[in-house]
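Topology and contacts: notes
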Amino acid sequence: MARLLRNLLLFTVRVTLKIRVLGFWALVYGYCAFYTCIVLLKLLWSIIIRPLKTFQWVIRENAPACLNDTSLGTHCYVRIKESGLRFHYVAAGERGKPLMLFLHGFPEFWFSWRHQLREFKSEFRVVAVDMRGYGESDVPAGREHYRLDYLVTDVKDIVEYLGYNRCFLVGHDWGGMIAWLFAIHYPEMVNKLIVLNCPHPTVFTDYTLHHPSQLMKSSYFFFFQLPRFPEFMFTINDFKAVKYLFTSQTTGIGRKGCRLTSEDMEAYMYVFSQPGALTGPLNYYRNAFSFLPLKQEEVKSPVLLLWGERDAFLEQEMAEISRLYIKNHFRLNIISGASHWLQQDQPDIVNTLIWTFLKEGESRKNYRN
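My aim in this report is to walk through the structure given alongside it, one point at a time.

Thresholds, definitions, all that
Residues numbered from 1 in each chain as written. Predicted model: local features only at pLDDT ≥ 70, side-chain atom pairs only at ≥ 80, totals over all residues. Heavy atoms only, no water. Patch = residues over 30% accessible without salt bridge, like charges linked within 9 Å, V, L, I, M, F, W, Y side chains within 5 Å. Areas by Shrake-Rupley, 256 points an atom, 1.4 Å probe, with all protein chains shown as cover. Salt bridge = Lys/Arg side-chain N within 4 Å of Asp/Glu carboxyl O. Helix = DSSP H or I, 4+ residues; strand = E, 2+ residues; numbered from the N terminus. Pairing = 2+ DSSP bridges. Axes fitted to C-alpha atoms, helices over the stretch in contact; angles between N-to-C directions. Contact = heavy atoms within 4.5 Å. Expected span 1.5 Å × (residues − 1). Bend = angle between axes of the 7 residues up to and from the residue. Buried < 20%, exposed > 50% of the residue type's maximum accessible area, 1.4 Å probe, protein only.

With that out of the way, let us pick up a nonpolar patch on the surface. Residues Leu 41, Leu 44, Trp 45, Ile 48 and Ile 49 make up a contiguous nonpolar surface patch of about 550 Å² in total accessible area. Assignment of secondary structure puts Trp 45 in helix H1 (residues 2-49).

Written as C-alpha cells, this is what we have:
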C-alpha cells in the first residue's frame, strides 16, 4: 500500500510539473502571437500614412567622430581561444590597476559607458566591451550561440585574458542580467557588483509571471522570439524604433543636457544599421529561458543596485525584492526622474553613487587584487 501511494505521489508530481511547463510555453507563444498582431497593425498603419518612408533605411558607411574620441580610451581586441570569438573593447586607465568591467544592454554597445570610462579611469583599468553579437565583436550565426551560460562564460574568459582573476563588475539591462549570473556562478571573481536597472534574475522571472502589468511591459520578450520579423521592424522608417527608445518622452533619456546629441544618435545608427547587426542582440531574447530557473540564486558579493524611477520597461518593486537574494552588503538607490538608460541619463549622480559604494568598507588603496 505504501509503495502504491509513493508511486501515485510521484506520478502526480510529474504530471503537475508537465502541466506547469506546458502552461508556461503556452503563455510564451500565446503572448508572442498576441503581440505580433499588435506590431502588424502598427506596420499597416505606417504603410498607410508613410508608404514611401516605411521601407527606406540607410546603412551608415562612416563612423562618427565620437566613436574615436581618445578621451574614452583605446580600441582593442581579444580573441578567446575556447570559443574562438574575437571581442572588441575600449580600455582606459593604467594597466595593472584594478579592473572595472562594463557590460552594456540592448540596444546599446560599449559607447553607452562613455561617461563612466572618463570618470573611473583615474583609479581603475576601465574596460567597456562590445558583447557577443554586438558592434565590432564577432557575431556567431545561430541563436544557439547566445545561450545565457555562453554569455556568462564570455565574461569569465575576457577577465582572464585581460590578465585578471577578479574585477569590479558593472552591468546595465541585459549586461546587468549577465552580471548577476556571473556573480552567482563565479563569486570569487567579483570584488563588487554594480547593476543598473536590472533585477535579480529570479526576481524578474517570478515577478513577471505573477504581475500582469510587468508581463505587459515585457511583451517585447515574446515578440522577439520570432525569426527575422523583429529585425525588419527595427529597420523600417530608417531605424525609427531604435531612435524612439532613446528619444521619446515615454522611454527616452529625459534629462536636459544629457539627451543624446545628433552625433551620439548617429553612433547608434552606425552600429545597428550594418547588415545583420540586430540579429545577434535579438538572439539574447530568443535564449532568455535557457538558464532559468536558477539552481543557485545567492549573490555573495557586495551589491549596488541603481534604478531609474522613470524606467518604462521594469517595475520598481523588483529592485527592492532583489535584496532577498544578496548575502552581503546591499545598497539600493532609486534615482528620481531617471529613465531606463540610467548611466547616460544621470551620469553625474550615477558616478557619485558608484564612488560612494566603492569606498564603503575599504579605502582606494585596497582596490588592488
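To continue, consider the sheet that holds strand E1 (residues 74-79). Strand order in the open sheet formed by 8 strands is E1-E2-E4-E3-E5-E6-E7-E8, with mixed pairing between adjacent strands. The open sheet terminates on both sides in strands that have one partner only, identified here as E1 and strand E8 (330-335). Between one strand and the next, the sheet's axes are offset by a mean angle of 20°, whatever the strand orientation. Pairing of strand E2 (residues 86-92) with strand E4 (residues 125-129), which is carried by 4 bridges, proceeds in the antiparallel orientation. Each bridged residue has a counterpart across the sheet, and for Ala 92 the counterpart in E4 is Val 126. On top of the sheet, helix H3 (residues 148-161) reaches E1, E2, strand E3 (99-103), E4 and strand E5 (167-172); it is set at about 150° to E3, its chief contact. Where helix H4 (residues 174-185) meets the sheet, it contacts E3, E5, strand E6 (190-196) and strand E7 (303-308), and its direction lies at approximately 140° from that of E5.

Before going further, it helps to spend a moment on helix H8 (residues 229-247). In this model H8 runs just 23 Å from its N-terminal to its C-terminal C-alpha over 19 residues, more than 12% under the 27 Å that 1.5 Å per residue would give. Asn 237 marks the point of greatest bend in H8, at about 115°.

Looking now at the pattern of salt bridges. According to the stated counting rule, one finds 13 salt bridges in the structure shown. The salt bridge partner of Arg 114 is Asp 264, with a shortest N-O separation of 3.9 Å. Of this pair, Arg 114 sits in helix H2 (residues 114-120) while Asp 264 sits in helix H9 (residues 262-272), and the two are 150 residues apart along the sequence. Ionic pairing is found between Arg 331 and Glu 360, a salt bridge with its closest N-O pair at 2.4 Å. Of this pair, Arg 331 sits in strand E8 while Glu 360 is found in the segment after helix H13 (347-359), placing the two residues 29 residues apart along the sequence. According to the relative accessible area criterion, Arg 331 is partly exposed, its value standing at 30%. It is possible to trace a salt-bridge network through shared partners that takes in Arg 60, Asp 238, Lys 243 and Glu 266.

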